[in-house]
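Below are the chains, spelled out letter by letter.
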Amino acid sequence: MLLGNTVVREINDLNELYEIEKEKREYFKSQETDLYKRNVLFFRGQSDYLWELEPGIKRENNLNEWEELQDFNPNEYTLFNYIAKCQHYGKKTRFLDFSTDMDIALFFACNEKEDTDASLYMCPYMPRKSCWSDTIIISELSLLRNEITVGDFADQLYMKYSDLRNRFIDINDLSRQLVSWLGHGFIVLPDAKEYEEMKVDNPRIYNQKGAFFICGNKTQQPLDSWGSTFYAEYNIILPEVCDVPDTLQEDIFVTKVKIPSFLKRNILDCLIAKGINKEYLLVT
């Protein structure tokens, strides 16, 4: 069965779920192109099957993202650490939690709403490295209060940060990259050093083997082929409307597994036996 283009599977026991995971991993390993092999399989569990993939900011209609994040200084962090801090302090943001460990995502799917069917998303994605310039761009985007053209936003960033002038040829080059970020978002995965730092600074994220999808923004004109060309700089960013891209939730490579409510208790017992429990995953 298809949901849009997303493959929907339903399981009747836990072994079926591990078989689905195995199928997906083997498929990407079998591909000859490097593009496929560089994909990482990310997981997200949701305790209600009917819930869509939505970051916290979209579930809070009257909340302004810039109000949530104005106290955070992005200059102090890499992108992953910046997001981890925001999530740790319960900020409602455009950042969507994922894990590289299916069992951990499965725990969050089954830990609440015992009488409700749950879902587990399996999303193959090519992660980006966490770097300072991405931190700046995403945090500046989150702090926008008014509509602004992509070109004007790029111009402001270009003049403000020398690192962006070193990284991009000109404002048009930066504008085209911004359109890609706005339209598709991206997932950020920490490197080994950042994960080790998480052990001390943010053990919750460390134990959850966390990764974050950063949602982009809607723009006045659809971000189709028009928006990705030379004219990208004239498109207008709508600051308070972050968007989960189709590539994350309506893609043939994304699998949404329906977990019947009657399996939740048994699954939790299996996970707890592995040491995956609330105290471990939500450690402060």
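See the structure above.
Since the model is a prediction, treat every value here as computed from it, not as a measurement. (Residues numbered from 1 in each chain as written. Predicted model: local features only at pLDDT ≥ 70, side-chain atom pairs only at ≥ 80, totals over all residues. Heavy atoms only, no water.)

Trainee: Describe the packing of aromatic side chains, naming the residues involved and giving the relevant values.
Mentor: Summed over all chains, the structure comprises four aromatic pairs. Their ring planes at 85° and their centres at 6.3 Å tell us that Y195 and Y206 sit as a pair that is edge-to-face. Here the residue Y195 occupies a position in helix α10 (residues 192-201), and Y206 occupies one in helix α11 (residues 203-207), the gap between them amounting to eleven residues. Under the relative-accessibility criterion, Y206 is labelled partly exposed at 26%. When the ring centre of Y49 is taken as reference, the NZ or CZ atom of K256 above it lies at 4.0 Å. For K258, the ring lying beneath its charged end belongs to Y49, and the centroid distance is 5.2 Å. (Phe/Tyr/Trp six-rings, centres within 6.5 Å; stacked < 30°, edge-to-face > 60°. Helix = DSSP H or I, 4+ residues; strand = E, 2+ residues; numbered from the N terminus. Buried < 20%, exposed > 50% of the residue type's maximum accessible area, 1.4 Å probe, protein only. Lys NZ or Arg CZ within 6 Å of the ring centre and 35° of its normal.)

Trainee: Describe the pairing of strand β5 (residues 118-125), naming the residues involved and giving the relevant values.
Mentor: Burial runs high along β5: eight of the eight residues are buried. Here β5 shows a buried face lined by A118, L120, M122 and P124 and a second buried face lined by S119, Y121, C123 and Y125. Alignment of strand β3 (residues 40-46) against β5, held across seven bridges, turns out to be antiparallel. Within the sheet, the bridge partner assigned to Q46 lies in β5 and is S119. Looking at chain direction, β5 and strand β11 (residues 255-259) are connected through five bridges and run antiparallel. Residue pairing across strands places A118 opposite I259, the latter belonging to β11. (Pairing = 2+ DSSP bridges.)

Trainee: Quick rundown of the side chain of D103? Include the residues and the values.
Mentor: By the secondary structure assignment, D103 is in helix α5 (residues 102-110). Given the relative accessible area of 11%, D103 is considered buried. At a separation of 2.8 Å, a polar atom in the side chain of D103 contacts the side chain of K274. Excluding its chain neighbours within four sequence positions, the residues that come into contact with D103 are Y18, L271, K274 and I276. (Polar contact = N/O pair within 3.5 Å; in protein donor to acceptor, adjacent residues only side chain to side chain. Contact = heavy atoms within 4.5 Å.)

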